[in-house]
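# Fold and geometry: a report
The lines below spell out each chain.
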8 protein chains.
Amino acid sequence: MTESAPPVGLIMGSDSDWPVMGAAAEALAEFGVGYEVGVVSAHRTPVKMMDYAQAAAGRGIRVIIAGAGGAAALPGMVASATPLPVIGVPVPLKHLDGLDSLLSIVQMPAGIPVATVSIGNGRNAGLLAVRILAASDETLRDRMVAYQVELAALVAEKEATLRASLGG
Amino acid sequence: MTESAPPVGLIMGSDSDWPVMGAAAEALAEFGVGYEVGVVSAHRTPVKMMDYAQAAAGRGIRVIIAGAGGAAALPGMVASATPLPVIGVPVPLKHLDGLDSLLSIVQMPAGIPVATVSIGNGRNAGLLAVRILAASDETLRDRMVAYQVELAALVAEKEATLRASLGG
Amino acid sequence: MTESAPPVGLIMGSDSDWPVMGAAAEALAEFGVGYEVGVVSAHRTPVKMMDYAQAAAGRGIRVIIAGAGGAAALPGMVASATPLPVIGVPVPLKHLDGLDSLLSIVQMPAGIPVATVSIGNGRNAGLLAVRILAASDETLRDRMVAYQVELAALVAEKEATLRASLGG
Amino acid sequence: MTESAPPVGLIMGSDSDWPVMGAAAEALAEFGVGYEVGVVSAHRTPVKMMDYAQAAAGRGIRVIIAGAGGAAALPGMVASATPLPVIGVPVPLKHLDGLDSLLSIVQMPAGIPVATVSIGNGRNAGLLAVRILAASDETLRDRMVAYQVELAALVAEKEATLRASLGG
Amino acid sequence: MTESAPPVGLIMGSDSDWPVMGAAAEALAEFGVGYEVGVVSAHRTPVKMMDYAQAAAGRGIRVIIAGAGGAAALPGMVASATPLPVIGVPVPLKHLDGLDSLLSIVQMPAGIPVATVSIGNGRNAGLLAVRILAASDETLRDRMVAYQVELAALVAEKEATLRASLGG
Amino acid sequence: MTESAPPVGLIMGSDSDWPVMGAAAEALAEFGVGYEVGVVSAHRTPVKMMDYAQAAAGRGIRVIIAGAGGAAALPGMVASATPLPVIGVPVPLKHLDGLDSLLSIVQMPAGIPVATVSIGNGRNAGLLAVRILAASDETLRDRMVAYQVELAALVAEKEATLRASLGG
Amino acid sequence: MTESAPPVGLIMGSDSDWPVMGAAAEALAEFGVGYEVGVVSAHRTPVKMMDYAQAAAGRGIRVIIAGAGGAAALPGMVASATPLPVIGVPVPLKHLDGLDSLLSIVQMPAGIPVATVSIGNGRNAGLLAVRILAASDETLRDRMVAYQVELAALVAEKEATLRASLGG
Amino acid sequence: MTESAPPVGLIMGSDSDWPVMGAAAEALAEFGVGYEVGVVSAHRTPVKMMDYAQAAAGRGIRVIIAGAGGAAALPGMVASATPLPVIGVPVPLKHLDGLDSLLSIVQMPAGIPVATVSIGNGRNAGLLAVRILAASDETLRDRMVAYQVELAALVAEKEATLRASLGG
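The name recorded for chain A in an unreviewed UniProt entry is N5-carboxyaminoimidazole ribonucleotide mutase, from Plantactinospora mayteni. Per UniProt, chain A carries the Sequence similarities (unreviewed entry) text "Belongs to the AIR carboxylase family. Class I subfamily." Per UniProt, the comment on chain A under Catalytic activity (unreviewed entry) is "5-carboxyamino-1-(5-phospho-D-ribosyl)imidazole + H(+) = 5-amino-1-(5-phospho-D-ribosyl)imidazole-4-carboxylate".

Quick look at the structure:
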């Protein structure tokens, strides 16, 4: 990671989280927002995690997206060591359908918030990062509005297809 | 609400949510961040809610905090009609300990994220709004760092008190 | 959609809900009850959803069936903008087995009810719409009674088959 | 119960359910909809329950509201023996916060639907009965629209009060 | 079913429950305990169910095993109309892993107990029926003791095999 | 405990379970069924528990009722060391509302059943013991039928009282 | 904390955890095992927490007990930075009855175990620390055996008292 | 099992638990810690289980790892009859994703702790046994530190691979 870091730091507890977290990267790319990718584990690389969190703001990172599963300490721990907004993605593991990941990430004590998105929803983490950056960037905000218009158009298309398939 | 709105819009489904949501207001005030307060119900005032969401960005609001309980549609619906980052606060009702509120807020479909904080944790919603604004405001970010230092100092104090009480 | 709408409006948040919601259409068809099908998403097409809900009664719709998954706001939001009875179908998503969908739909605040059926049970939504229309239509009610007699007969048949297979 | 029964039959498994179910009666009264009240237990008075369900439509009842707690069989059993729409109210007991009541009522098998409302929400059961009757009664539907307008006005009032209390 | 019924009545809400309930039949057969099999649905054949429950004791049935899934009313409803001990088997459906079935069966109100066994465990329902009959039949009780000895021997065998496979 | 034991052994993990388990004793007394009371803890008195379970049948006990909370091993362990039917009562502790107690008792492996009743429902455990003994005792079965008639009468009385209080 | 630390380090996320964690201290004192008490928060004092964990073994600590509530990262994070056995105590907060605390502590990824005890059970954490130390200390193990004998005696006493109160 | 037993006793309720429990054996082998394997069922071999637990300490066993599923009594029962530290592994069964196993193992009453690890995580049980033995064995503790360093290195490798695959 260089001194002039991209605006979003995208980290995850394990490379096996990529199927979920890659969707965040894809969303960021769609909006032309730069990001860096790291595998940083709260429990397997605690020192690296602390270093990453403490250095992020100084390096130019403005939003951190952190995904983890099970006793998912990563998002909260990173939030504890940075003043940046941290987005947490509950990655579902083999058992419990991500409920443990969700509660471990969202139930933070007063003082240290984590912006939690839905279970396994890396895309929404990316879109939330865009919205956060767009809070001080009108061009980006306009793109988000345009994206929301596209979403609506997509629904209309799907409706047309469904009705056609029903002979309606 | 005037044309030059404060940076944070703080809304809730019912005035009975104030004991939870007031803590968000308090946190914002501590950081000198302006906010406006509204009672906006997704299910009882759907038109007002849509109007609020659609107008917010244009009025100058930069972050919306929305709290609701049970089938808590407010945060997600507001997010659907604004490009701004929306923070959702699951307000616990009489039954189910806020689990219904949490799932109704956090489990958003791909496309429309809500930044969800812990059950009943209005304070963290306020602090998350500060972090989001601080992503493009170094002065505010410094204050957040200072706040985190205070948090640590407070823990040290409490430790001293506890040890003293144990005669240790 | 024309001015003289059929009695039942069948909407869903996504065309991927059709495997669940199609069973509602099938049940309505069996009872000779007309319906229209729409893809209307609370979070992706909030304006269309509000328009649909506000216009439904005036267009002649008498019962609305709405299916959605996850943070399933559609049934409740539609109910907030129409005086018609709204039937909610919790569509199960990949995680949590539909528990999030169920709670998001059924836990409505006092003032705005949603008639919720079992998880993934589109057929029961269709049958409930028939019962509601039958509350003021004796012919339809007689058909429902006949259907219930058929259900009982089907159980007797299955019992006979099972016993035969056991050599009993 | 006389031959010319009121349009709504309001039954509950135990008189201890009245604090929840009385709110349904109140809602019906507000809309001028007649109702009769009965204590009918699926497990303690199964014969009476079957008799009630089988006779209801013939007696002139058009909608049944049934509340019960725990292994709450009443709403589903009544629905099994009548073609009328049956509204189920999950009454929370001392343990499990009504989750058992909710699942026992809502998770009906294909063929026999129960229109389930939120845990402990007798009022919504009453309002849903009104909506069902209003599906074929324009005057009643207009009253429901008026009620929804009042709900919105009430929210506005509460907002004003909250803002005043905040000195805003 | 004849006047001189076997000691155990084995009923289920649907023939699709047989993969679970057949294991109860198998256990009964192993102990030489006679049984009859029926498909009796609380919600699809309520009258038949009541008739079955009311007649069972008079016909010579001494224990009833009832399996059902979802809003599983069958075991409790049968228990409400017979003085015989009723064993309930929670059959898991497609969603919720049988938790709804379990709560619907076990959470009976004071007055009417159902002897509930583990989710999907038809075999244990059969063994429990044997234990109940054995409470007044020493020969049968001796067979149960012998069965428990066999269970222990089976574990010893499996241990030997496992150790052998580990080269231990 | 003497050689000629009463037909029911009523044991519990702790004397603090008496408020729940005393209701079982009361039910047994109402039906004139003898019982003995013991405090036997699976985890604090494992040897005593094994001795109790192994000796019970020989001493003349015919049904065992066992109540416990949390990681409630008592009912299952007793069932493992006796051929008698064992009724398990999930006693709710301070946290989790008895869900842990319920799952620990009901989810027995194939081979060793426990007849589980509802959370905190000692009365139903007593009534289930009566039903089990009544499976081979017509006089007792007649009393159970009479009790069920009384239950129905009690509901009718409560209905009358409720209606009177409503001025109906 | 001095160089020659006691064998057990007892830490908690907040001084408000003392009502739960004090019971661990009490158990240690009963067995004559020395301990030190600290307030160390994963989220409010991440650096102090890392320092504590990294130094513990070198200072002479042999077992760490860590209690925390909600998104309870403390036990797992400490375990990530020490080779010592770490005992986790899920402290229940105002909502969710400690289920979030339990899952956040127990669901650790492969590589870093936390020895989790029951919700709110500080005493068992203390006793587990004693058992761990006793694994290499026969005198301590003998004391544990004696304690278990006392537990059994206490149950016998309680049984006698209960029976006496029942006039048995 | 000989008089001079290895330091770890690894037991499980059924040989079908081996896919989970074998990972504990593997971890122990990696650290050069000896173990013995047994199939010991609380419910199918209660006498053998009690014998095993009572004899373990005298035979030289220093830590017991016990895995079981469903109403998983094994770890707690073994803990009740030995002063040794007992590690419990919740083995997930076909339904409920191991939640029943977890609660049955972790929710032990005050007095008898079980050191519970995550659902299905045999490896962590093995590693926890190593940490417990390492509490009085510096060589072993050094190996654990080395293992933790390897874990961190492995994460770094995976990060490099992921970045390479992203062309980063």
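Between chain F and chain E, the residue contacts involve 41 residues of the former and 41 residues of the latter. When the two sides are added together, the surface that chain F and chain E hide from each other amounts to roughly 3300 Å², 60% of it contributed by carbon and sulfur. Sorting the residues of chain F by area buried against chain E places P83(F), P113(F) and R131(F) first, and these three jointly supply 20% of that buried surface. The interface formed by chain F and chain E includes 0 salt bridges. Among the secondary structure elements, those contributing two or more residues to the side of chain F that touches chain E are α3 (74-80), α4 (99-106), β5 (115-116), α5 (122-134) and α6 (138-165) of chain F.

This next bit is on the pairing of strand β3 (residues 63-69) of chain A. In the case of a regular strand, side chains alternate between the two sheet surfaces. All names here are of chain A. Judged by how many residues are buried, β3 sits mostly within the fold: 6 of 7 residues are covered. Strand direction decides the pairing type here: strand β1 (residues 8-12) and β3, joined by 5 bridges, are parallel. Paired with M12 across the strands is G67, a residue of β3. The sheet contact formed by β3 and strand β4 (residues 86-91) spans 6 bridges and is parallel. If you follow G69 over to β4, its bridge partner there is V91. Each parallel crossover has a hand, and for β3 linked through helix α3 (residues 74-80) to β4 it is right-handed.

Before going further, it helps to examine the pattern of salt bridges. Per the counting criterion, the structure on display carries 34 salt bridges over all chains. Ionic pairing is found between E159(G) and K48(F), a salt bridge with its closest N-O pair at 3.0 Å. Of this pair, E159(G) sits in helix α6 (residues 138-165) while K48(F) is found in helix α2 (residues 46-59), placing the two residues in two different chains. Looking at E159(G), the relative accessible area reads 9%, which means it is buried. Between E30(H) and R123(H) there is a salt bridge, with its nearest N and O atoms 2.8 Å apart. On the criterion of sequence distance, the pair formed by E30(H) in helix α1 (residues 18-30) and R123(H) in helix α5 (residues 122-134) is long-range, its members being 93 residues apart. One salt-bridge network, in which partners are shared between bridges, spans K48(A), E159(H) and R163(H).

The subject of this paragraph is the packing of helix α1 (residues 18-30) of chain B against helix α5 (residues 122-134) of chain B. Residue and element names in this part refer to chain B. It is at 6 Å that the axes of α1 and α5 come closest, and there the two elements cross at 35 degrees. For the pair α1 and α5, the crossing hand works out as right-handed. Residues V20, A23, A24, A27, L28 and E30 of α1 touch α5, and the partners they reach there are G122, R123, A125, G126, L127, A129 and V130. Tallied by class, the residues present in the contact of α1 with α5 amount to 9 nonpolar, 2 polar and 2 charged.

Attention now moves to the interface of chain H and chain F. Contacts between the two partners involve 23 residues from chain H and, on the opposite side, 23 residues from chain F. Carbon and sulfur atoms supply 70% of the area that chain H and chain F bury against each other, a total of about 2000 Å² over both sides. Contact with chain F buries surface across chain H, with H43(H), M77(H) and Q107(H) losing the most and accounting together for 28% of the total. On inspection of chain H and its partner chain F, the count reaches 0 salt bridges. At the boundary of chain H and chain F, one finds 7 residue pairs in polar contact (both at pLDDT 80 or more). In terms of residues, the side of chain H that touches chain F owes the most to one element, helix α2 (residues 46-59) of chain H, which gives 5 residues. By residue class, the composition of the side of chain H that touches chain F is 14 nonpolar, 7 polar and 2 charged.

With that settled, the discussion passes to the relation of the copies chain H and chain F. Placing chain H over chain F gives an RMSD of 0.0 Å and needs a rotation angle of 180 degrees, together with 0.0 Å of translation along the axis. Both copies are brought into coincidence by an operation consistent with a two-fold rotation axis. In terms of proximity to the rotation axis, the leading residue of chain H is S104(H), whose C-alpha is 2.4 Å off the axis. An overlap of 100% is found between the interface residues of chain H and their copies at the interface of chain F, pointing to a shared contact surface.

Taken from the UniProt record, the annotation "domain: PurE" (unreviewed entry) applies to residues 6-155 of chain A. Strand forms 17% of residues 6-155 of chain A and helix 49%; the C-alpha atoms that close the span are 33 Å apart.

Attention now goes to the UniProt feature "binding site: substrate" (unreviewed entry) in chain A. Residue and element names in this part refer to chain A. Feature annotation in UniProt places "binding site: substrate" (unreviewed entry) on S14, D17 and R44, given in this structure's numbering. Along the chain, the position of S14 falls in the loop between β1 and α1 (18-30). On the accessibility criterion, S14 (15% relative accessible area) is buried. Position of D17 among the secondary structure elements: in the loop between β1 and α1.

So, on to helix α6 (residues 138-165) of chain E. Residues and elements named next belong to chain E. With 28 residues, α6 extends 41 Å between its outermost C-alpha atoms, agreeing within 8% with the 40 Å of an ideal straight helix rising 1.5 Å per residue. The backbone nitrogen of T139 has a side-chain oxygen 3.1 Å away, supplied by the residue at the start of α6, namely D137. Once α6 ends, the next one or two residues include G167, with phi positive near 70 degrees.

Quick look at the packing of helix α4 (residues 99-106) of chain C against helix α4 (residues 99-106) of chain D now. Pairs of packed helices are described in terms of their axes, by the angle between the two and the distance that separates them. The N-to-C vectors of α4(C) and α4(D) enclose an angle of 95 degrees; their axes lie 13 Å apart at closest approach. Judged on the interaxial angle alone, α4(D) and α4(C) are roughly perpendicular. Only L102(D), L103(D) and V106(D) of α4(D) make contact with α4(C), whose side of the interface consists of L102(C), L103(C) and V106(C).

Right, let's talk about the packing of aromatic side chains for a bit. All names here are of chain B. Applying the stated criterion to the full structure yields 8 aromatic pairs over all chains. With 5.6 Å between their ring centres and 70 degrees between their planes, F31 and Y147 make a pair best called edge-to-face. With F31 in the loop between α1 and β2 (35-39) and Y147 in helix α6 (residues 138-165), this pair connects stretches of sequence that are 116 residues apart. Considered together, F31 and Y147 belong to a single accessibility category, that of buried residues.

This next bit is on unusual backbone geometry. The residue D97(C) is not glycine, and still its phi comes out positive at about 60 degrees. Take D97(C): its relative accessible area is 25%, and that puts it in the partly exposed class. The phi dihedral of L96(E) is positive, around 70 degrees, even though this residue is not glycine. Looking at where L96(E) falls in the secondary structure, it is placed in the loop between β4 (86-91) and α4 (99-106). Overall, L96(E) belongs to the buried group, its relative accessible area being 10%.

The two chain copies are connected by a rotation around an axis plus a translation along it. Rotating chain F by 180 degrees and moving it 0.0 Å along the rotation axis overlays it on chain E with an RMSD of 0.0 Å. Interface residue correspondence from chain F to chain E reaches 100%, placing this contact among same-surface, isologous pairings.

Cut-off values and rules
- Residues numbered from 1 in each chain as written.
- Chains lettered and ligands numbered in written order.
- Predicted model: local features only at pLDDT ≥ 70, side-chain atom pairs only at ≥ 80, totals over all residues.
- Heavy atoms only, no water.
- UniProt positions renumbered as here; feature names shortened; annotations may be inferred.
- Contact = heavy atoms within 4.5 Å.
- Buried area = accessible area lost by both parts, 1.4 Å probe.
- Salt bridge = Lys/Arg side-chain N within 4 Å of Asp/Glu carboxyl O.
- Helix = DSSP H or I, 4+ residues; strand = E, 2+ residues; numbered from the N terminus.
- Buried < 20%, exposed > 50% of the residue type's maximum accessible area, 1.4 Å probe, protein only.
- Pairing = 2+ DSSP bridges.
- Right-handed = clockwise from strand over helix to strand, strands pointing away.
- Axes fitted to C-alpha atoms, helices over the stretch in contact; angles between N-to-C directions.
- Left-handed = near helix turned anticlockwise from the far one by under 90°.
- Nonpolar A, V, L, I, M, F, W, Y, C, P; charged D, E, K, R; others polar.
- Polar contact = N/O pair within 3.5 Å; in protein donor to acceptor, adjacent residues only side chain to side chain.
- Least-squares fit on C-alpha atoms with pLDDT ≥ 70 in both.
- Expected span 1.5 Å × (residues − 1).
- Parallel < 35°, antiparallel > 145°, perpendicular 65-115°, else oblique.
- Phe/Tyr/Trp six-rings, centres within 6.5 Å; stacked < 30°, edge-to-face > 60°.

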